[in-house]
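These are the residues of each chain, in order.
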Amino acid sequence: MLALYGTGVSDGIAIGKAFILQRELPEIPEYVIPHEYLEDEIIRFKRAIDASRQQLLEIREHIPANAPPEASSFLDAHLLMLDDKMISMAPIDTIRQQQCNAEWALKTQRDTLSAMFEQMDDHYLRNKKIDVNQVVNRILRNLLQQNYDEHEKMSPGEIVVADDLTPADTVMLKHNRIRAFVTSLGGPISHTAILARSLGIPAIVSAHSATQYVRHGEEIIIDGKRGMLIVAPDAQIVAEYLQRQKDILKLRQELNRLKTSRGITSDRKRIHLLANIELPADVRAAAQAGAEGIGLYRTEFLFMNRAEPPGEEEQFRSYVKVVKALPKKPVTIRTLDLGADKQVDGGRAGTAITINPALGLRAVRLCLHDTSLFRPQLRAILRASVYGQVKMMIPMLSSQDELFQVLELIEETKSELKRKRIKFNPKIPIGGMIEVPAAAISADLFAPYLDFFSIGTNDLIQYTLAIDRVDDAVNYLYDPLHPAVLRLISLTIQAGKKARIPVAMCGEMAGDPRYTRLLIGLGLMEFSMHPATLLEVKKIVLHSNAAKLNRSVQRLLNVRNTREVHALVEKLGYS
Ligand code: PEP
Ligand code: MG
């Protein structure tokens, strides 16, 4: 028996036989093509591109009907790449100029593109390099007539172990009813990891050398929550995990019963539990979890994986779809938070690559810099506001001036709509995300001009502790319980209370059951999170006493030893 560890990216337990998916390309041959055969070689290259396109289209056909839209958008991105000149034309020039075979021309082009991406600092573009490699390798396999028939050999119930998987592979795994997957490479925010979560497959990434330690057909256990892979477990471990599987199922059924109960603590404090969504289709999961509304709608996802940004009409339709799907419930539409790790596809003009993208022109800064992007969105949100309880939320505010500029633009947009006799809610609540330390420290200066705050702990932690949230190497420093973070959260909640405006939290911390009691104790009344954790958090809320927690947390804030803080948070509510 052997245990390997990686990063768990999609929860759940799976027990089954390993299917090792070997994806190594053979040595790429290099040979000279006589002049008279050059055009035939080019035709061979074009046929390989066509075959690759056909394969991707077939995979798209297999996407389950209930799969999220991301599933097909990743495939669409790969299909678009097949048409990109850098991939479909450049090798043809090389074949002609160097009189070499198609595989060699394509390999040379792949190496050039890889070297180019390698020099880029931007996380999104680094991810693009993986996509380009996956597309090029597919064409190479077709040129080398290395068939893509691994999937057919897989049997339902198996667990795939691979060095890396493409998003297209992930869709096929689901189609083939594969139970789970483990990869040696990859990160928690890779396309593949995102897909695993949306498709509901337990998954582990960056389990280094997994393909070397696991043999084909061997029994393995995947613990997606802990990021643990157990190879050849003994009977006792298998029995333990079978029991855990049953417990998880029972717990899910139990939690489902809480769907319609209100989030009220034992001392009758009302705690509102809302959901975060990325795309209109996510509303279904939010409704299924009994969310009281949407606390964060990340609108930037509508702008990704496409060459052109969506226009005002398309944005308007998306917002109205969400609002109509949740009648009488608040929907908090966050204005564009593009930039940093969330770049759009298509390399639109103006999105220059900077050294520190997280500290650069992102979110509200980008919107104020390029109002041609911002104004249509403001119009679309205002127009959607007549269809329900729409709120608008501004990300990454760091100075009062920025806020004043945004408010002015909103007023201008309202006047424009009024002139054109287009309906909107003139009293639409405008909130600000508190996710930059400067905003948290001076929250009292923002409060008089806003209708609500929402604390974005993902960025607040990144900026307070100076750790890039997508850099594996500094993940170990990520600590929501760092005294500086707790003080900033507390400051924001207090500033909101003083100004009598509601304070919500929509960062990952709000959906982590380990911190629910701490946050109630700090006075937080509104939590917005991934729908999957909502009922677990609700259960804790129902069993908490807010007044007692408030007293314990006040004591905890004065503890001068960080380790002790961690220990006390674990015990909160049990003492
Ligand atoms: C946050 O920063 O906590 C947040 C909710 O926004 P995002 O994760 O989209 O940056
Ligand atoms: Mg943020």
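Parameters at a glance
Residues numbered from 1 in each chain as written. Chains lettered and ligands numbered in written order. Predicted model: local features only at pLDDT ≥ 70, side-chain atom pairs only at ≥ 80, totals over all residues. Heavy atoms only, no water. Helix = DSSP H or I, 4+ residues; strand = E, 2+ residues; numbered from the N terminus. Buried < 20%, exposed > 50% of the residue type's maximum accessible area, 1.4 Å probe, protein only. Donors = N, O, S within 2.8 Å, 3.2 Å for Na, K, Ca; no water. Contact = heavy atoms within 4.5 Å. Pairing = 2+ DSSP bridges. Axes fitted to C-alpha atoms, helices over the stretch in contact; angles between N-to-C directions. Phe/Tyr/Trp six-rings, centres within 6.5 Å; stacked < 30°, edge-to-face > 60°. Polar contact = N/O pair within 3.5 Å; in protein donor to acceptor, adjacent residues only side chain to side chain.

Chemist: Residues and numbers for unusual backbone geometry, please.
Modeler: Positive phi is not limited to glycine here, since Ser206 has a value of about 45 degrees. By secondary structure assignment, the location of Ser206 is in the loop between β6 (203-205) and α10 (210-213). The phi dihedral of Arg421 is positive, around 60 degrees, even though this residue is not glycine. Within the fold, Arg421 resides in the loop between α16 (400-419) and β13 (430-434). For Arg421, a relative accessible area of 76% gives the class exposed.

Chemist: Now, about the coordination of the magnesium ion (ligand 2): what can you tell me, with residues and values included?
Modeler: The magnesium ion (ligand 2) binds to the protein through Glu435 (OE) and Asp459 (OD), with metal-donor distances spanning 2.0 to 2.1 Å. With Glu435 in the loop between β13 and α17 (437-441) and Asp459 in helix α19 (residues 457-465), this residue pair connects regions lying 24 residues apart in the sequence. What makes Asp459 buried here is its relative accessible area of 2%.

Chemist: Outline the environment of Tyr387, supporting the account with residue identities and numerical values.
Modeler: Tracing the backbone through its elements, the reader meets Tyr387 in the loop between α15 (371-384) and β12 (389-394). Once the C-alpha coordinates of Tyr387 and Lys324 are considered, the two residues, 63 residues apart in sequence, prove to be 7.0 Å apart. Setting aside chain neighbours within four positions, we find Tyr387 in contact with Phe316, Val320, Val323 and Lys324.

Chemist: Could you give an account of the sheet that holds strand β1 (residues 2-5), naming the residues involved and the relevant values?
Modeler: As summarised here, the arrangement of the 8 strands in space is β1-β8-β7-β3-β4-β5-β6-β2, forming an open sheet in which the pairing is mixed. With one partner strand each, in any of the chains shown, β1 and β2 (7-10) form the two edges of the open sheet. Strand-to-strand twist across the sheet, computed as the mean angle between neighbouring axes with direction ignored, equals 30 degrees. Strand direction decides the pairing type here: strand β4 (residues 159-162) and strand β5 (residues 180-183), joined by 4 bridges, are parallel. The residue of β5 that forms the bridge with Ala162 is Thr183.

Chemist: An account of the packing of aromatic side chains is requested, with residue identities and associated values reported.
Modeler: Following the criterion strictly, the structure yields 3 aromatic pairs and no others. Considering the side-chain rings of Tyr297 and Tyr319, the 5.7 Å spacing of their centres and the 90 degrees angle between planes classify their relative orientation as edge-to-face. Linking Tyr297 in strand β10 (residues 294-298) with Tyr319 in helix α13 (residues 312-325), this pair joins segments that are 22 residues apart in sequence. Look at Phe316 and Tyr387: their rings are 6.0 Å apart centre to centre, the planes differ by 65 degrees, and that puts the pair in the edge-to-face class. Of this pair, Phe316 sits in helix α13 while Tyr387 sits in the loop between α15 and β12, and the two are 71 residues apart along the sequence. A residue is classified by how much of its surface remains accessible, and Phe316, at 12% relative accessible area, is buried.

Chemist: So what about the side chain of Asp479? Which residues, and what values?
Modeler: When you line up the elements, Asp479 lands in the loop between α19 and α20 (483-499). A polar contact of 3.1 Å, which involves the side chain of Asp479, links it to the side chain of His566. The residues contacting Asp479, other than those within four sequence positions of it, are Ile461, Leu465, Val485, Thr562 and His566.

So far we have only geometry, and geometry alone does not tell us how the molecule works.
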